[in-house]
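Residue-level structural notes
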Amino acid sequence: MIKNDCYEVYIEDIGNDGEGIGHIEDRQNGKSFALFVKDTLIGDRALVRIIKVKKTYAYGRVEQIIESSPYRVHPVCEKARSCGGCSLMHMSYDKQLEYKWNKVKSCLERIGGISGVDAIMEPPYGMELPYFYRNKMQLPVGRDREGRIVIGFYAGRTHSIVDLDKCHIGHPVNDYIIKYMRKWFRKFDREDIAYSEESHSGLVRHILTRVGFRTGELMVCLVINKDELGKSEGESLVCLLKEAVKEYNTSKDTEQEIILKSVSININKEKTNRILGSHCKVVWGRSYIQDYIGDILFNISPMSFYQVNPVQTKAIYDKAIEYAELKGGETVWDMYCGIGTISLCLAAYAGKVFGVEVVPQAIEDAKENARVNGIENARFFCGKAEEVVPEFYREADSDEGKHPDVIVVDPPRKGCEKVLLDTISFMAPDRIVYVSCDPATLARDVKILSDKGYRPEKVAVFDAFCQGTHVETVVQLSH
Ligand code: SAH
């Protein structure tokens, strides 16, 4: 197989990142090569140009779709193919749900070693309207080859920015923010107004926005490569953002009034891929916005983690509550609790809730969120779960909390540290509810917990990242 050669390939499977997978025979040695082709779907017959050859597999680029898959749809966004945000937008929504459900199933079988897992898997929970669902946007800012300012998303697997005027998965107010931010950039038309990754110079790196879908509150935070925004830069920013919101509120796009509540900067002077630096400063208004999940009000600051799909978040938390099977009076741990969202939602059904989270600001928010909502049976600890929980288990003198009835974990993609899983098994809860954003690490951890006597009983798959490849899963394990 030679780079740049073209082959006709039937796409028979789909990979982890949503890419199509086909096979071609190497005529010289009769070996079958797996070929990974972005932008193709199961059922496509395509002409594919080889772009990279490895020992047993190769990557190709689609040149022409010869016969279209029955699952192929016309993406609603014209930038879908170049933009890295929505790699499944050309796939029918039902097929997207099936793909995600199968991905979880296959991980639990292959990595988790659970046979017949489909018997305990609920049908996938999708969205009625799988667009305009994101409450948070992180838009990189830069310049294109001609030196024009670009605002948008990274192209898949690269840091070149696809310029966008409209995003079909973000809240529609973002389109207006992008429009008015372009005005702001034009006003301060200096060479160094936009950040350049290459030279690590220039001011604005990212525009971060968050919208409370229930309250309509809006936060805009500019991530900058400096300690301050100039006075006139700041004033003009606030002024233009107010105009953006006003135009949105009087447009045909508006379904709910948006209220600008917070304009801030985040200082990130590091040469890093991380979007946020460690400090924020308020430019105008409050340092946070507020939003509800169910009946509980949350304060959300730019740095703290808050699930990006509010409709599915509610569904996921409801499922976690259902799988916890609380009768009232139980002791529950919520590990990786963020700003206390799951902890506080569970508090009404439990005797006592302990939350643990590594980001200090998030723990401050969690405590404040408990206070604001008059919730008195939640206690929060700051630190790494894999350090705080084993220490608590060793040192707490009373049994309270050491032997909870239920433990909920909701770790980041890398899953739980082994020592945390060991401690969880010593704590011996009746049930573990594992909320996961990565089926591979979920399956790895489920296997470890199974070896310690916990059996997966129920699995629910949620599409919280419609049009993208990520998936959320909730698993109930019982002792
Ligand atoms: N349950 C929360 C947050 C889940 S995201 C919610 O639904 O909103 C995972 C959280 O784990 C993040 O808040 C992250 O800051 C935190 N985290 C990451 N590593 C951690 C660790 N080692 N110990 C404790 N928390 C950690």
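Residues numbered from 1 in each chain as written. Predicted model: local features only at pLDDT ≥ 70, side-chain atom pairs only at ≥ 80, totals over all residues. Heavy atoms only, no water.

Let's talk about the site of the ligand
Selection criterion: We call a residue near a molecule or strand whenever a single non-hydrogen atom of that residue lies within 4 Å of it. Here a polar contact is taken to be a pair of N or O atoms separated by no more than 3.5 Å, where protein atoms must pair a possible hydrogen donor with a possible acceptor and residues adjacent in sequence count only if both atoms sit in side chains. Only the protein chains shown count as covering a residue, and every accessible area follows the Shrake-Rupley method with a 1.4 Å probe. Secondary structure elements are taken from DSSP: a helix is a run of H or I of four residues or more, a strand is a run of E of two residues or more, and numbering for both begins at the N terminus. Gly is placed with the polar residues, together with every amino acid not listed as nonpolar (Ala, Val, Leu, Ile, Met, Phe, Trp, Tyr, Cys and Pro) or charged (Asp, Glu, Lys and Arg).
The full set close to the ligand counts 17 residues, and Tyr317, Glu357, Ala385, Glu386 and Asp410 are the nearest of them. Here a nitrogen atom of the ligand sits 3.0 Å away from a polar atom, N or O, in the side chain of glutamate 386. Relative to its unbound accessible surface of 570 Å², the ligand loses 89% to contact with the protein. For the shell around the ligand, the secondary structure elements donating two or more residues are α5 (341-347) and α7 (385-395). A per-class count over the shell around the ligand returns nine nonpolar, four polar and four charged.

Overview of helix α6 (residues 360-372)
Quick note on the threshold: Expected span of a helix: the number of residues minus one, times 1.5 Å. Exposure categories follow from relative accessible area, calculated using a 1.4 Å probe and restricted to protein chains: below 20% of the type maximum is buried, above 50% is exposed, and the middle band is partly exposed. For this quantity, the arc is that covered by the directions from the helix axis to the C-beta atoms. Here a residue-residue contact requires only that any non-hydrogen atoms of the pair lie within 4.5 Å.
A rise of 1.5 Å per residue sets the reference length of α6, with its 13 residues, at 18 Å; its end C-alpha atoms lie 18 Å apart and thus fit the reference within 8%. Taken residue by residue, α6 has Ala362, Ile363, Asp365, Ala366, Asn369 and Ala370 as its buried positions. Mapping the buried residues of α6 onto a view down its axis gives an arc of 155 degrees, with all of them on the same face. Exposed residues lying more than 90 degrees from the buried face of α6 are Pro360 and Arg371. Where α6 is buried, its residues meet β14 (296-300), α5, β16 (352-357) and β17 (378-382). Looking one or two residues past α6, glycine 374 carries a phi angle of roughly 65 degrees, positive in sign.

Quick notes on the sheet that holds strand β7 (residues 149-154)
We apply this condition: Two strands qualify as a pair provided DSSP detects at least 2 bridges between them. Orientation is described by lines fitted to C-alpha atoms, with helices fitted over the stretch in contact, and by angles between N-to-C directions that extend from 0 to 180 degrees.
Reading across the sheet, the seven strands line up as β8-β7-β6-β9-β10-β11-β12 and stay open at both edges, with mixed pairing between neighbours. Where the open sheet ends on each side, the last strands, each with one partner, are β8 (161-163) and β12 (279-285). Each adjacent strand pair in this sheet contributes to an overall mean axis angle of 35 degrees, direction not counted. Two strands pair when backbone bridges link them, and strand β6 (residues 136-143) and β7 are joined in this way by three bridges, in the antiparallel orientation. Along β7, the bridge assignment pairs arginine 143 with isoleucine 149. Each of β6, β7, β8, β9 (204-211) and β10 (217-224) touches helix α2 (residues 173-187); the most contacted strand, β9, lies at about 150 degrees to it. The strands that helix α3 (residues 231-249) touches are β10, β11 (259-267) and β12; relative to β11, the one it contacts most, it runs at about 145 degrees.

Some remarks on the domain arrangement of the protein
Filter applied, for reference: Domain limits in this description derive from either an automatic procedure or a database domain assignment.
The domain architecture assigned to the protein consists of domain 1 (6-67), domain 2 (99-128 + 307-478) and domain 3 (136-293). On a C-alpha basis, the centroid separation for the pair domain 1 and domain 3 is 39 Å.

Details of the nonpolar core
So the rule is basically this: Side-chain atoms within 4.5 Å are what join buried Ala, Val, Leu, Ile, Met, Phe, Trp, Tyr and Cys residues into a set we call a nonpolar core.
Met181, Trp184 and Phe185 are the most contacted members of the largest nonpolar core, which totals 98 residues. If you tally residues by element for this core, the top one is α2, at eight residues. Counting contributing residues, this core receives three or more from each of domain 2 (99-128 + 307-478) and domain 3 (136-293). Each residue touching tryptophan 184, except ones within four places of it in the same chain, is listed here: Ile193, Val204, Leu222, Glu233, Ser236, Leu237 and Leu240. By size, the runner-up hydrophobic cluster in this structure holds 38 residues, among which are Ile407, Val409, Cys416 and Leu420.

What about the packing of helix α1 (residues 93-110) against helix α9 (residues 439-451)?
Rule in force here: Here a crossing is called left-handed whenever its near helix is offset anticlockwise from the far helix by less than a right angle, and right-handed whenever the offset is clockwise.
At their nearest, the axes of α1 and α9 sit 8 Å apart, and the two run at 35 degrees to each other. Judged by the sense of rotation from one axis to the other, the crossing of α1 with α9 is right-handed. On α9, the residues touching Lys103, Val104, Cys107 and Leu108 of α1 are Pro439, Ala440, Leu442, Ala443 and Val446. Taken together, the residues of the contact of α1 with α9 sort by class into eight nonpolar, no polar and one charged.

What to know about the pattern of salt bridges
The condition is simple: A carboxyl oxygen of Asp or Glu within 4 Å of a side-chain nitrogen of Lys or Arg is what we treat as a salt bridge.
Considering all chains together, one arrives at 33 salt bridges under this definition. For the salt bridge of aspartate 163 with arginine 182, the shortest nitrogen-to-oxygen distance reads 3.1 Å. Of this pair, aspartate 163 sits in strand β8 while arginine 182 sits in helix α2, and the two are 19 residues apart along the sequence. Arginine 182 sits in the buried class, given a relative accessible area of 14%. Sharing partners across several salt bridges, the network here consists of Lys38, Asp39 and Arg81.

Points about the pairing of β17
So the rule is basically this: By convention, a crossover is right-handed whenever its connection, traced from the first strand over the helix to the second and viewed with the strands pointing away, goes clockwise.
Bridging between β16 and β17 involves five bridges; their strand directions are parallel. In the strand pairing of β17, phenylalanine 354 is matched with arginine 379. In this fold, β16 hands off to α6, which returns the chain to β17; that crossover is right-handed.

Considerations on the pairing of β7
Taking burial as the measure, the six residues of β7 include five buried ones, the bulk of the element. Remark: five residues form the turn of the hairpin made by β6 and β7, two consecutive strands paired antiparallel; glycine 147 in that turn has positive phi of roughly 90 degrees. One ladder, built from three bridges, connects β7 with β8; its direction is antiparallel. For tyrosine 154, the partnering residue across the bridge sits in β8 and is isoleucine 161. Following β7, the chain reverses through six residues before pairing antiparallel with β8; arginine 157 in that reversal takes a positive phi of roughly 60 degrees.

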